Amino acid sequence: MVIKLVFGALEGDKIDLPVHYNRPLQGLFYYLMSDTVPKYHDLGTRSEDRKLKLFTFSRIYPHNSFKVVNRRMVFKGFFNIYFASPIDKLVKAVLHSINEQKVVRIEKNYFTLMKYEVINNEVDEEMLVKTLSPITAYSTIILPNGNRYTHYFSPYSSDFKKLIEENLKRKASALGIVIKNNNFYIEPYGITEKNEKLLFYKDIIIKGWTGYFILKGETQLLKLALNSGLGAKNAQGFGMILSVEKNSIRERSFLELAEEG
């Protein structure tokens with residue numbers, strides 16, 4: 001289930017957020033879930049020996065232009081945030097809390113929900129999607145000196161595609177989703193080096209990729225991708241995607257797509 005939330009600042013106040021706002025925004029969603037699903041932050045959804053957090057959220061999309069001042073994002077007016085989970089109870093918990101409280105807060109910013117919309121993503125065996133937050137895929141290596149090194153993969157590498165597929169199938173297993181056809185395919189569409197993004201989360205740099213991707217495979221897997229995100233760190237605000245019509249961008253150049261991402 002995917003929802004689009006439209007917020008506005010109280011009394012027309014300006015909105016002043018850190019540029020790297022994933023952690024406070026994640027905290028807001030955990031807080032909103034806590035009344036209905038109080039233990040999800042700690043327990044998540046079990047998958048063998050792993051604990052999965054099966055939700056994701058987008059970047060913040062202001063309706064008007066914004067400025068960056070001292071590593072903070074400043075703007076006025078309304079803004080959109082998308083939230084998704086394959087567990088409808090989590091999405092309904094977020095909506096219930098917002099409707100009950102009327103006002104929500106991130107740092108010293110207070111917002112009110114202006115409206116929300118349930119997004120109906122069209123699912124087909126082959127589809128084009130765009131990112132609403134960067135997709136990240138990585139592996140961690142233990143160096144001879146004992147330090148940990150994280151290597152992030154490009155969307156054009158086979159490791160990127162393999163990790164995306166393994167992650168998605170792990171989520172399906174945790175949810176008890178039976179996949180008739182295990183085939184899954186992901187391919188970048190018009191992505192260049194300009195689509196690589198660096199974000200900080202708890203003072204750690206995370207690399208991800210924005211832009212358009214072609215997905216093919218079992219429709220149950222593709223639906224799960226839309227509801228849970230692609231790649232790693234979905235619950236930290238990475239990997240959210242939305243389906244788009246191929247015809248709507250077919251005539252546009254790869255350069256335009258890269259600039260948009």
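To start, this report covers the structure provided alongside it. (Residues numbered from 1 in each chain as written. Predicted model: local features only at pLDDT ≥ 70, side-chain atom pairs only at ≥ 80, totals over all residues. Heavy atoms only, no water.)

## Here's the deal with the pattern of salt bridges
Consideration 1: Following the criterion strictly, the structure yields 4 salt bridges and no others.
Consideration 2: Here Asp 16 and Arg 72 are joined by a salt bridge, their closest N and O atoms 2.6 Å apart. With a gap of 56 residues between them, Asp 16 in strand E2 (residues 15–18) and Arg 72 in strand E8 (residues 72–75) connect regions that are remote in the sequence.
Consideration 3: In this structure Asp 16 comes out as partly exposed when scored by relative accessible area, which is 24%.
Consideration 4: Beyond isolated ion pairs, a larger network of salt bridges with shared partners links Asp 16, Arg 72 and Glu 107. (Salt bridge = Lys/Arg side-chain N within 4 Å of Asp/Glu carboxyl O. Helix = DSSP H or I, 4+ residues; strand = E, 2+ residues; numbered from the N terminus. Buried < 20%, exposed > 50% of the residue type's maximum accessible area, 1.4 Å probe, protein only.)

## Examining the sheet that holds strand E15 (residues 184–189)
Consideration 1: Strand order in this open sheet of 4 strands is E15-E18-E12-E19, and the pairing throughout is antiparallel. Strands with a single pairing partner mark the edges of an open sheet, and in this sheet they are E15 and strand E19 (241–244). Adjacent strand axes in the sheet meet at a mean angle of 35 degrees, parallel and antiparallel pairs treated alike. (Pairing = 2+ DSSP bridges. Axes fitted to C-alpha atoms, helices over the stretch in contact; angles between N-to-C directions.)

## Details of the packing of aromatic side chains
Consideration 1: By the definition in use, this model includes 11 aromatic pairs.
Consideration 2: Ring centres of Phe 29 and Phe 57 lie 5.3 Å apart, and the angle between their planes is 40 degrees; on these two criteria the pair is classed as tilted. One end of the pair, Phe 29, is in helix H1 (residues 22–33); the other, Phe 57, is in strand E5 (residues 56–57), with 28 residues separating them in the sequence. Both residues of the pair, Phe 29 and Phe 57, count as buried.
Consideration 3: Three or more aromatic residues joined by ring pairs form one cluster here, namely Phe 29, Tyr 30, Phe 55, Phe 57 and Phe 83.
Consideration 4: Stacked on the ring of Tyr 185, the Lys or Arg Lys 216 has its end atom at 5.0 Å from the ring centre. (Phe/Tyr/Trp six-rings, centres within 6.5 Å; stacked < 30°, edge-to-face > 60°. Lys NZ or Arg CZ within 6 Å of the ring centre and 35° of its normal.)

## Brief notes about helix H5 (residues 219–228)
Consideration 1: Burial of H5 is extensive: 7 of the 10 residues sit out of reach of the surface.
Consideration 2: Listed in full, the buried residues belonging to H5 are Leu 221, Leu 222, Leu 224, Ala 225, Leu 226, Asn 227 and Ser 228.
Consideration 3: Two residues or fewer past H5, Gly 229 is found with a positive phi of approximately 95 degrees.

## Observations regarding the environment of Leu 143
Consideration 1: Here Leu 143 lies in the loop between strand E13 (138–142) and strand E14 (148–152).
Consideration 2: For Leu 143, a relative accessible area of 34% translates into the label partly exposed.
Consideration 3: Separated by 19 residues in the primary sequence, Leu 143 and Asp 124 have C-alpha atoms spaced 43 Å apart.

## Remarks on a negative patch on the surface
Consideration 1: A cluster of acidic residues, Glu 122, Asp 124, Glu 125 and Glu 245, forms a negative patch on the protein surface.
Consideration 2: Relative to the elements of secondary structure, Glu 125 occurs in the loop between strand E11 (109–119) and strand E12 (126–131).
Consideration 3: Residue Glu 125 is classed as exposed on the basis of its relative accessible area of 56%. (Patch = residues over 30% accessible without salt bridge, like charges linked within 9 Å, V, L, I, M, F, W, Y side chains within 5 Å. Areas by Shrake-Rupley, 256 points an atom, 1.4 Å probe, with all protein chains shown as cover. Lys, Arg positive; Asp, Glu negative; His and termini not counted. Charge placed at Lys NZ, Arg CZ, Asp CG, Glu CD.)

## Considering the nonpolar core
Consideration 1: By size, the foremost hydrophobic cluster in this structure holds 36 residues, and its most contacted members are Phe 7, Leu 25, Phe 29, Ile 60 and Phe 83.
Consideration 2: Contributing elements (two or more residues each) for this core: strand E1 (2–9), E2, H1, E8, strand E9 (78–84), helix H3 (88–101), strand E10 (103–106) and E11.
Consideration 3: With residues up to four places along the chain from it excluded, the contact list for Phe 29 reads Leu 5, Phe 57, Ile 81, Phe 83 and Val 94.
Consideration 4: Within the second largest apolar cluster, 23 residues are counted, among which are Ile 179, Trp 209, Leu 226 and Ile 241. (Core = buried A, V, L, I, M, F, W, Y, C linked by side-chain atoms within 4.5 Å. Contact = heavy atoms within 4.5 Å.)

## Regarding helix H4 (residues 158–175)
Consideration 1: Taking 1.5 Å of rise per residue, the 18 residues of H4 would be expected to cover 26 Å, and the 26 Å separating its terminal C-alpha atoms lies within 8% of that figure.
Consideration 2: Here H4 has its buried residues at Phe 160, Ile 164, Asn 167, Leu 168, Lys 171 and Ala 172. On an axial view of H4, the arc spanned by its buried residues comes to 140 degrees, and they lie on one face. Facing away from the buried side of H4 by more than 90 degrees, the exposed set consists of Ser 158 and Ser 173.
Consideration 3: Each element contacted by the buried residues of H4 is listed here: strand E4 (50–52), E15, strand E18 (212–217) and H5.
Consideration 4: Note on H4: the residue one or two positions beyond its end, Gly 176, has a positive phi of about 75 degrees. (Expected span 1.5 Å × (residues − 1). Arc of directions from axis to C-beta.)

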